Amino acid sequence: MSTSTVDVHPDPHGHGGEHAHDPHQQHHFTTMEQQFDTSKIGMWLFLATEVLTFGGLFAGFGLMQNQYPREFVEAHEQLQRLPGAANTVVLLVSSFTMVMAVLAARTNQAAKTARYLWLTVGCAGIFMCIKAYEYTHKFEEGLLPGIFYHHHGDLIAGSHGYATFFSFYFMMTGLHGLHVLIGMGLLSWLAIRAKRGEFSDKYYTPVDLIGLFWHLVDLVWIYLFPLYYLIS
Amino acid sequence: MEHTLTAGSVTGDRPRPAINYLNAEKGIWSWMTTVDHKRIGIMYLVAVSTAFLIGGIFALLVRLALLNPQHTLFGKVWVTAEAYNRFFTLHGAVMVFLFIIPSVPASLANFVLPMMLGAKDVAFPRINLMSFYLWCGGAVLAISSMILGAVDTGWTFYTPYSTTTDGAVGLMTMAAFILGFSSIFTGLNFIATVHKLRAPGMGWFDMPLFVWGIYATAIIQILATPVLAITLVLLLIERVFQIGIFDSRIGGDPVLFQHFFWFYSHPAVYIMIVPGMAIISEMIPTFCRKTMFGYRAIAYSSVSLALLSFIVWGHHMFVAGESDLANVIFSALTFLVAIPSGVKMFNWLSTMYKGNISFETPMLYVLSFLFLFAIGGLTGLFFSTLSVDIHLTDTYFVVAHFHYVMMGGTVIAFLGGIHYWWPKMTGRMYKESWSQIGCLLVFIGFNMTFGSQFIMGGQGMPRRYFNYLDQFQPIHAFSTYGSWVLGAGLFLTAINLLASLKMGELAPDNPWGGTTLEWQSSSPPITHNFDEQPVLEHEPYDYRHRTVTHV
Amino acid sequence: MEWLRSALLPPQGSEWAKEIDVAYMAILWLSIVMFLGLMIAMVWFAWRYRYVPGRVTPHQTHNTQLEIFWSVVPLLLCVGLFFWGIDGYMKFAVAPAESMEVQITAKKWLWQFEFPDGTRAVNELHIPVNKAVHLVMTSEDVLHDFFVPDMRVKRDIVPGRYTEFWFTPTMLGEHVSTCAEYCGKGHSDMRAKVFVDTQEKFDDWMATGGDEWMKHPPEEWGKIQWDQKGCATCHTIDGSKSKGPSWKGIFGKMEKLKGGATVVVDENYLRESMMQPQAKVVDGFDPIMPTFQGLLRENEIRGLVAFIKSLQ
Amino acid sequence: MSTHTEHAQDPQKEARTYILTLVTLLILTAITVGASYIHFGSGAANVVIALTIATIKAIVVALFFMHLLHDKPVNAIIAVTGFLFLGIFLMFDFIDVGSRGNLQPTNLHPPPAVAAPAGAPGAPAAPAAEKKE
């Protein structure tokens, strides 16, 4: 879904209009600033849809917590806090490096932009590794979603609450992980272009927009972390 | 009142440009990779009309199956209960997801909105094309789900039936999932266009009311469709993994699914009606040759309809097992939503007062819209009143209500809009007499088909019923004959419009004397819409300093 | 306006129905008045201000008082309707204490009623007149909806939990009830009959489980049970294939069972198949038949057996 | 491009604000992790505290990292509307689920547990039986 963000910003080698202006300006915009602001609005609208999509899952999770209060609290114990907290720190740092990359792009420092972008991709990679570690732990324990749930030693044996909890756990962290992967793809592609010096203070829209997308991914994790890892 | 349109209309006719957006590039590839909003609008119009044809065929099959309680045609039983269930499900799904949601915003608005703003194109042309291909992908999935064991759950996919039946529910939910994104990207495009690409001198209250309506619809598309996406994903995962959120056998709550579903689907019915109202608000000033009465009231009512539509979804679930407190709250809020619709109706009528009204086909569609939407809107009062809703919900009374609003409202306005902008889109004029007969047939057929269903509904005929009680046979037969008249009217309208492509007279730039910017371009317009950037020098519907003369 | 009400609405079977009809007619007349007002204005404007070449139209942009008027007045009307609605609804939703509680269990395409003393009936609900009856409902598979048009009552039946409503029948006789929530293939066959009887007739019906069966010879009474008790939805009587074995010519035949054993279809096998359907399932059929234990009275079982015998 | 972000001329100052924002976020994370170990009254209190801290972090990220502070207001309106309508959806859901009440049949013994044939569609065990224990 979000790969479409690539198209949000104008075509880098847009054909120049009759009167001389920035090569990136598309024919139906009068100024580059109008084009940048339009792309920003488009991106923020897309982020609103992402907020509502994840919101649907949060709503489902909240309502199921209301249905199975005891099973959900007990299932929370299976999630260790340390990897969750580590992931939060990693994502916050990646948000920082992302915003530094945007700053560097805006001040014509191509090399620095590329370095910060690769740093962000690196942090994302660390996040995925921690996630992979947590998932393997879940697979071994048999804490799988829906009908695959075969964990023993639950307090209320036979209640479907545990399977529902882990279904939501895998759906929400899975969808979030998918967005992190998409972000890594986009950021690497951006870093390559930054290395080629395509971004300047006149044209840095892709970096800014994908930065907004990345900050939203971080924002979703900021809410996921307490809801899953900190409930006792 | 035979009106022959001569060229002497408002803007003196320039010579027709040889190159326009239709013949600027030739070949199918130029159409498939176009980013011109006009071509995408035409492609959407063709695609959406095909979906309307398919949905219409299923509608005729549903009505034919109910002709008599024995389901015989010429003495032979031709349909079973399962086939009937598939007919009405596919009629609902195709009409809602494939036709009526993208109909006005994606086809007419795609074509006309940028021109009304004096812009060269929508904000993100390539996302516009991607939205069209997402629609095509969704359509392919929907058609394949019909072939591989059609869905029989109703277009609402209520659980636990939809999670326990073996029809191709998965395919149809994926189709709706992808169509949702096509709708999101259309909305996203229009909001960005309206914010940033208005002509110089065009403030928010100088924009045509059509643009206000499409802007309000775009807000709903952006804020409601993602929740449908997640609901369908949850339904798919529930079918495959049995995660226990909607399926009651494993602790889920079917009423929860209805909350998720209707949080999208009620705003979706405003995605359907608000563009229809927008077209009517565009055509009335043109054919009454009078400035719009209460421009700001109509603009605000469109946006307030968009926002209020998000807090009333519970009235679909009054008897579904919702708590009494929620029922009372939703009933109160549902009454609020009736006010903006009423404001629009009164303002439209006040514009006709002291107007100078000519009755070309678009105006006939406006009059039938006012007639049918008044009935559709007023019968809504029966459902927001909690006690009367208990008896009338899930009966043919509600079937008649929503067809009066959706078909009597949006589809009639859509047909009016097509006739209104046909000269601009194709550069051809359609045969006035045939289109007026078509409109009359549609109006009579529609009232026969659905007017009778109000009576049946009141008497307790449940909806989605195959073997109905014999007492309802006369009305069902009458309704089925009405559906044939309606089908004939639509068929005649389609033939007349398509015939005009070849045999129609060449259309002037401004056949109706409209004052909005799209009429300042040539018919059909050039690829960049205008030779030079049009500047708005008067209010949107200003008829003071000129009279529209046509014989 | 009685003729209009009886034309548009079913007979009034309960007190609540009378109240709903008053509200229905009030909204109907309100809508007709507003609709005619709008349409007369539209037609008059269309005719009076039809096109005259060269006429200049006045530049009326808005009229604040008028616009406030036609926003506030409909709002007041709506507020009135709202309070009328919830007043009626509260009477419908909150059951009085002394009402007789009947439990409804809906399952794919038949209704099962259970009275406080445990007697059960399928697709037939007998209730005493002028006595409040409180229906507590649940479903065993998908959503259903118990809708009695004559009583103007309807409530979805949600599997996994209980939903309820109550009414006081006032009109004697038979009222048809339909399922109003789509539930698959047999949705439109899922009809129950609500018999409103005098107190005496109701009491003796409860005692003997009704006297209908005396009026028919056994095989005809069996055919009625075949139709009413929902057997028809799975067992055909003309030999054609359905979800359950066809009854045509089955009596006395040697049937191959799942798991290889064979059994002669005699009275005992039929009786056992009605009580424990999963005990001996005929080969080639799914074991989906629900038990009729406690659902069929002795005369009904004998009638069914006689009817099956008669199907050679 | 650079015209509308006024403090672009001074990258050092902007970089410093970003570092400060990161530090604040890390501190808030530490606080929320710490708070999860302390037991505030009922479980619901813990959830409310954790969510308020998360909301503060989210607002900080949105204002500074996502430049909403120095951006055109239309972007902020879009962001807020997204969360607002999610809130509406949650609010009405919890109004309904919260006020439903658990209706049980009073004077009836549950109908005999229908023998639930394994895997047969459409004839599962009667829920009434399950609800009882």
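Each chain carries its own residue numbering, running from 1 in the direction its sequence is written. By the order in which they are written, chains take letters starting at A while ligands take numbers starting at 1. Note on the predicted model: pLDDT of at least 70 is required for a residue's local features to be given, and 80 or more for side-chain atom pairs to be given and counted; whole-chain, interface and lining totals, by contrast, use all residues. Processing note: side-chain calculations cover all non-hydrogen atoms of the structure and skip hydrogens and water entirely.

Some words on the overall build of chain B
As a reminder, the rule being used: Secondary structure elements are defined from DSSP: runs of H or I of at least 4 residues count as helices, runs of E of at least 2 residues count as strands, and each element is numbered from the N terminus. Every radius of gyration here is taken over C-alpha atoms, with the globule rule written as 2.2 Å times N^0.38, N being the number of residues. Burial classes follow relative accessibility: with a 1.4 Å probe on protein chains only, a residue under 20% of its type's maximum area counts as buried, one over 50% as exposed, and anything between as partly exposed. Any two residues whose heavy atoms approach within 4.5 Å at even a single point are treated as in contact. Per-residue accessibility takes into account occlusion by the displayed protein chains alone, with areas from the Shrake-Rupley method and a 1.4 Å probe.
Along its length, chain B carries 15 helices and two strands. Here the C-alpha radius of gyration of chain B, 23 Å, is about what a compact globule of 551 residues would show, namely 24 Å. Judged by the C-alpha coordinates and their principal axes, chain B covers about 70 × 50 × 45 Å. A total of 551 residues make up chain B; the buried ones form 72% of that total. Long-range contacts, defined as pairs at least 24 residues apart, comprise 82% of the intrachain contacts of chain B with a sequence gap of at least 6. When the accessible surface of chain B is summed, it comes to about 15,300 Å², and 71% of that surface belongs to carbon and sulfur atoms.

Quick word on the domain arrangement of chain D
It is common to report an interface's size as the accessible area lost on association of the parts. Stated formally: Note that domain bounds follow an automatic or database assignment of domains.
Examined at the domain level, chain D breaks down into domain 1 (1–70) and domain 2 (72–101). Taking the mean C-alpha position of each, domain 1 of chain D and domain 2 of chain D sit 22 Å from one another.

With respect to the packing of helix 7 (residues 209–241) of chain B against helix 8 (residues 254–288) of chain B
Residues and elements named next belong to chain B. The condition is simple: For every element, the axis is a line fit to its C-alpha atoms; helices are fit only across the contacting stretch, and the angle between N-to-C directions ranges from 0 to 180 degrees. By definition in this entry, angles of less than 35 degrees are roughly parallel, angles greater than 145 are roughly antiparallel, angles of 65 to 115 are roughly perpendicular, and the rest are oblique. Crossings are assigned a handedness: left-handed for a near helix turned anticlockwise from the far helix by less than a right angle, right-handed for a clockwise turn. Three categories are distinguished: nonpolar for Ala, Val, Leu, Ile, Met, Phe, Trp, Tyr, Cys and Pro, charged for Asp, Glu, Lys and Arg, and polar for the others, with Gly belonging to the last.
It is at 8 Å that the axes of helix 7 and helix 8 come closest, and there the two elements cross at 160°. The orientation of helix 7 with respect to helix 8, classified from their angle, is roughly antiparallel. Helix 7 and helix 8 meet at a crossing whose hand is left-handed. Tallied by class, residues from the contact of helix 7 with helix 8 come to 23 nonpolar, six polar and one charged.

Focus on the interface of chain C and chain B
Note the following rule: Once two parts are joined, some of their accessible surface, as seen by a 1.4 Å probe, is lost; buried area is that loss totalled over both. Any carboxyl oxygen of Asp or Glu within 4 Å of a side-chain nitrogen of Lys or Arg constitutes a salt bridge here. Polar contacts here mean pairs of N or O atoms no more than 3.5 Å apart (in protein, one a potential hydrogen donor and the other a potential acceptor; neighbouring residues in sequence count only if both atoms are side-chain atoms).
Between chain C and chain B, the contact holds 81 residues from the first and 92 residues from the second. Three residues, Tyr 51, Trp 70 and Tyr 182 of chain C, lead the burial of chain C against chain B; their summed loss comes to 11% of the area buried on that side. Our count for the contact surface shared by chain C and chain B stands at zero salt bridges. Scanning the region where chain C abuts chain B turns up 25 residue pairs in polar contact (both at pLDDT 80 or more). At 17 residues, helix 3 (residues 64–93) of chain C tops the list of elements feeding residues into the side of chain C that touches chain B. Residue composition of the side of chain C that touches chain B, grouped by class: 49 nonpolar, 17 polar and 15 charged.

Section: the packing of aromatic side chains
What counts is decided by this rule: Stacked, tilted and edge-to-face pairs are distinguished by plane angle, under 30 degrees for stacked and over 60 for edge-to-face with tilted covering the rest, among Phe, Tyr and Trp rings (Trp via its six-membered ring) whose centres lie within 6.5 Å. Only when the NZ of Lys or the CZ of Arg is both within 6 Å of the ring centre and within 35 degrees of the ring normal is a charge said to sit over the ring.
Inspection of every chain in the model, using the stated rule, returns 95 aromatic pairs over all chains. Seen from their ring centres, Tyr 135 of chain A and Tyr 169 of chain A are 6.2 Å apart, and the 70° between their planes marks the pair as edge-to-face. Of this pair, Tyr 135 of chain A sits in helix 5 (residues 110–141) while Tyr 169 of chain A sits in helix 6 (residues 161–195), and the two are 34 residues apart along the sequence. Relative to Phe 99 of chain B, the ring of Phe 52 of chain B lies with its centre 4.4 Å away and its plane at 25°, an arrangement referred to as stacked. Here Phe 99 of chain B lies in helix 3 (residues 81–116) and Phe 52 of chain B lies in helix 2 (residues 37–65), a separation of 47 residues in the sequence. Over the ring of Tyr 37 of chain D we find Arg 81 of chain A, and its NZ or CZ is 4.7 Å from the ring centre. Geometry around Trp 47 of chain C places Arg 50 of chain C over its ring, the cationic atom sitting 3.8 Å from the centre.

A short note on the state of the cysteines
All names here are of chain C. Quick reminder of the rule: Only a pair of cysteine sulfur atoms within 2.5 Å counts as a disulfide in this structure description.
In this structure the tally under the stated criterion is zero disulfides over all chains. Cys 179 provides the cysteine sulfur closest to Cys 183, a residue in no disulfide bond, and the two sulfurs are 3.8 Å apart. Residue classification places Cys 183 among the buried residues on the basis of a relative accessible area of 0%. With no disulfide partner, Cys 231 has as its closest neighbouring cysteine sulfur the one in Cys 234, 8.8 Å distant.

So, the sheet that holds strand 3 (residues 120–122) of chain C
Pairing between the strands of a sheet is mediated by backbone hydrogen bonds and can be parallel or antiparallel. All names here are of chain C. The cut-off we apply is this: The pairing criterion for strands is at least two bridges between them, as found by DSSP.
Read from one edge to the other, the open sheet built from five strands follows the order 3-2-1-5-8, with strand pairing classed as mixed. The open sheet has two edge strands with one neighbour each: strand 3 and strand 8 (163–167). The mean inter-strand angle of the sheet, taken between neighbouring strand axes irrespective of direction, is 25°. Sheet topology note: the strand 5 (residues 133–139)/strand 8 ladder contains five bridges and is antiparallel. Across the sheet, residue Leu 135 finds its bridge partner in strand 8, namely Phe 165.

Remarks on helix 13 (residues 396–426) of chain B
Residue and element names in this part refer to chain B. Short version of the rule: Here the bend at each residue means the angle between axes fitted to two seven-residue stretches, the one ending at that residue and the one beginning there.
Considering bend angle alone, the principal kink of helix 13 is centred on Tyr 420 and spans about 40°; proline Pro 423 follows within four residues of it. Where burial is concerned, most of helix 13 is hidden: 30 out of the 31 residues are buried. Once helix 13 ends, the next one or two residues include Gly 427, with phi positive near 75°.

A word on the side chain of His 215 of chain A
Note on placement: His 215 of chain A falls in helix 7 (residues 205–229). Here Phe 65 of chain D takes part through its backbone oxygen, which lies 3.5 Å from a polar atom of the side chain of His 215 of chain A. Once residues within four sequence positions are removed from consideration, His 215 of chain A is found in contact with Ser 95, Met 98 and Val 99 of chain A together with Val 61, Phe 65 and Met 66 of chain D.

Some details on the nonpolar core
Nonpolar side chains tend to gather and get buried jointly when the protein is soluble and globular. Keep this limit in mind: We define the nonpolar core as a collection of buried residues of types Ala, Val, Leu, Ile, Met, Phe, Trp, Tyr and Cys that are connected through side-chain atoms lying within 4.5 Å of one another.
Formed by 383 residues in total, the largest nonpolar core has its most connected members in Met 352 of chain B together with Phe 146 of chain C. Considering each element in turn, this core owes the most residues, 23 residues, to helix 3 of chain B. For Met 352 of chain B, the contacting residues outside a window of four places in its chain are Cys 288, Ile 357, Met 363, Leu 367 and Leu 370 of chain B together with Met 42, Phe 45, Ala 46 and Tyr 49 of chain C. Leu 110, Val 265, Phe 285 and Leu 296 of chain C belong to the second-largest nonpolar core, a separate cluster that totals 24 residues.

Some points on the confidence of the model for chain D
Residues and elements named next belong to chain D. Heads up, the rule is: For every residue, the predictor assigns a confidence score, pLDDT, that lies between 0 and 100.
Across chain D, the average pLDDT comes to 77, with 73% of residues at or above 70. Taking the mean pLDDT of every element in chain D, the minimum, 33, falls on helix 4 (residues 127–132) and the maximum, 94, on helix 3 (residues 73–98). Here residues 1–7 is a poorly scored stretch, pLDDT under 50, and it has 13 contacts once near neighbours within four places are set aside; other chains count. This stretch, residues 110–133, has a pLDDT under 50; its non-local contacts, to residues over four places away or in other chains, come to 35 contacts. Note on the complex model: pTM 0.87, ipTM 0.87.

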